[in-house]
Amino acid sequence: MSYFIREFCWEDLERYTKLYNEVSNLTDTVKYRDTEYMRQFLSQPSIVPEENCFIAETNNGQFVGFALVSNEKTIDRAVTAGGVVSSYRYKGVEKKLLERSVSHANYLGVSLLHIEISSSEDIYRKLLEEAKFKYVKNYWQMMCEREDISSVEIPNQYSFRLFKTGVDEQQLTDLQNRAFEASWGFCPNTVEEISARTKMKDTAPEGIIFLDYLNYPCAYVWTQKISNDNCSVGWIGMTGVHPDYRGRGLGRAVVAAGINYLKSQGINVIELEVDAENVPARELYLSFGFDKIAHTVWYEKRL
């Protein structure tokens, strides 16, 4: 097997999209990502794929793996994600992509490199440990298939409203940054990043819901959805409460609002990811009928 690793270029988009779906086991599923979505994703201001995305390509032009390194200089870290197609797994490609990620993170001048993998990836865990990565966190992937969720009553002077494109980007940015400022691994967003993300095809403006107190946004839920001709799946992407408004049941209210929005769109399968050590959040989702369906672990390397 002969291959080399090179930087992404935009002419690769169609083949990269196919590679991403194959590596992520999304081909022929409702979660399949098309070229339009991938163009939007890679065009986000923080991505810059020409500099931060690396492709493993065979000498006959087959894409067999990739690594996308996200530069989160604001919090002095980078995050690498990617994978290798099944026919080339555990044959050295993962190691070369990991080495390229470490080298690139050093080039970016950050102090930490993080990577998230499935808890069942024993071979890859061994590879990370051999490369001096250490376990730091674990997350649950959860799913709910209930057909009905009751709305949660909100206190007087609180009200829901929907995100408006071209109006609410700054408020959403400020609220998300405050809600997650103390959370592990959270990198503050810019208005440009939030604006780009709200325009992606898996997000609808009415699927981002604010909970206001006297017209001041104090909590929100950000949902996403994807559909094909046969079925749909939704996500609770982000849920946050401003630190000054915690302890008032607002998290439960916005989660219910997000679930009910997705169900109003005919979506009965809803997924999310939660920090397994965040007991209040984990228990909140369990109380809504979410079940754990997968488990991922985060590894860290100090550079």
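Look up a bit, the structure's there.
About the criteria used
- Residues numbered from 1 in each chain as written.
- Predicted model: local features only at pLDDT ≥ 70, side-chain atom pairs only at ≥ 80, totals over all residues.
- Heavy atoms only, no water.
- Helix = DSSP H or I, 4+ residues; strand = E, 2+ residues; numbered from the N terminus.
- Rg over C-alpha atoms; globule rule 2.2 N^0.38 Å.
- Areas by Shrake-Rupley, 256 points an atom, 1.4 Å probe, with all protein chains shown as cover.
- Lys, Arg positive; Asp, Glu negative; His and termini not counted.
- Charge placed at Lys NZ, Arg CZ, Asp CG, Glu CD.
- Core = buried A, V, L, I, M, F, W, Y, C linked by side-chain atoms within 4.5 Å.
- Buried < 20%, exposed > 50% of the residue type's maximum accessible area, 1.4 Å probe, protein only.
- Pairing = 2+ DSSP bridges.
- Axes fitted to C-alpha atoms, helices over the stretch in contact; angles between N-to-C directions.
- Parallel < 35°, antiparallel > 145°, perpendicular 65-115°, else oblique.
- Contact = heavy atoms within 4.5 Å.
- Nonpolar A, V, L, I, M, F, W, Y, C, P; charged D, E, K, R; others polar.
- Phe/Tyr/Trp six-rings, centres within 6.5 Å; stacked < 30°, edge-to-face > 60°.
- Lys NZ or Arg CZ within 6 Å of the ring centre and 35° of its normal.
- Arc of directions from axis to C-beta.

Asker: Mind showing me how you'd approach the overall build of the chain here?
Answerer: Looking only at helices and strands, one finds 9 helices and 12 strands in the chain. Its C-alpha atoms give the chain a radius of gyration of 20 Å, near enough to 19 Å, the size a compact globule of 303 residues would have. Once the C-alpha set of the chain is aligned to its principal axes, its extents read approximately 65 × 45 × 35 Å. Of the roughly 14,900 Å² that the chain leaves accessible, carbon and sulfur atoms contribute 47%. A gap of 4 Å separates the mean positions of the 34 positive and 42 negative side-chain charges of the chain.

Asker: Is there a simple way to think about the nonpolar core in this case?
Answerer: Among soluble globular proteins, nonpolar side chains are generally buried collectively. With 33 residues, the main nonpolar core has Ile236, Leu250, Ile259, Tyr285, Phe288 and Phe290 as its most contacted residues. Those elements giving two or more residues to this core turn out to be strand E6 (134-144), strand E8 (208-213), strand E9 (216-227), strand E10 (232-241), helix H8 (250-264), strand E11 (270-275) and helix H9 (279-287). No other element matches H8, which puts 9 residues into this core. Grouped together as the second largest cluster of nonpolar side chains are 23 residues, Tyr37, Leu42, Ala67 and Leu97 included.

Asker: Would you take a moment to explain the sheet that holds strand E5 (residues 112-118) for this structure?
Answerer: Within a sheet, adjacent strands bond to each other through the backbone by hydrogen bonds, running parallel or antiparallel. Spatially, 12 strands are ordered E1-E2-E3-E4-E5-E12-E6-E11-E10-E9-E8-E7 in an open sheet, and the strand pairing comes out mixed. With partners counted over all chains shown, the strands left at the sheet margins are strand E1 (3-7) and strand E7 (158-162), one partner each. This sheet shows a mean twist of 25° between the axes of neighbouring strands, independent of strand direction. Note that E7 and E8 share 5 bridges and pair antiparallel. Following the sheet pairing, Tyr158 is matched in E8 by Tyr213.

Asker: Would you mind showing me how to read the packing of helix H6 (residues 169-179) against helix H7 (residues 191-198) here?
Answerer: A pair of packed helices is characterised by two quantities: the angle between their axes and the separation of those axes. Viewed as axis vectors pointing N to C, H6 and H7 meet at an angle of 110°, and their least axial separation amounts to 9 Å. Taken together, the axes of H6 and H7 lie roughly perpendicular to each other. Between H6 and H7, the residues in contact are Glu169, Gln170, Leu172, Thr173 and Gln176 and Val191, Ile194, Ser195 and Thr198, respectively. Here the contact of H6 with H7 is built from residues that sort into 3 nonpolar, 5 polar and 1 charged.

Asker: Please clarify how the packing of aromatic side chains should be interpreted in this entry.
Answerer: The description of two aromatic rings rests on the distance between their centres and on the angle between their planes. The full count for this structure, using the stated rule, is 13 aromatic pairs. Seen in terms of ring centroids, Tyr158 and Tyr213 are 4.8 Å apart; in terms of plane orientation they differ by 45°. Their pairing is tilted. In this pair, Tyr158 sits in strand E7 while Tyr213 sits in strand E8, placing the two residues 55 residues apart along the sequence. The partly exposed category is assigned to Tyr213, whose relative accessible area is 25%. What links up through ring pairs into an aromatic cluster is the set Phe8, Trp10, Tyr16, Tyr20 and Phe66. One residue, Arg252, lies across the ring of Phe288, its end atom 4.8 Å from the ring centre.

Asker: I'm lost on H9 in this one. Help?
Answerer: Because an α-helix packs 3.6 residues into every turn, residues spaced three or four apart end up facing the same way. Listing the buried residues of H9 in full gives Ala281, Arg282, Leu284 and Tyr285. Angular distribution of buried residues about the axis of H9 spans 160°; they occupy a single face of the element. Close packing links the buried residues of H9 with E6, E10, H8 and E11. Within two residues after H9, Gly289 carries a phi angle of roughly 100°, on the positive side.

Asker: Looking at this structure, I do not really get H7. What am I missing?
Answerer: When we look at burial in H7, the residues that qualify are Glu193, Ile194, Ser195, Arg197 and Thr198. Check the buried side of H7 and you find it contacts H6, E8 and E9.

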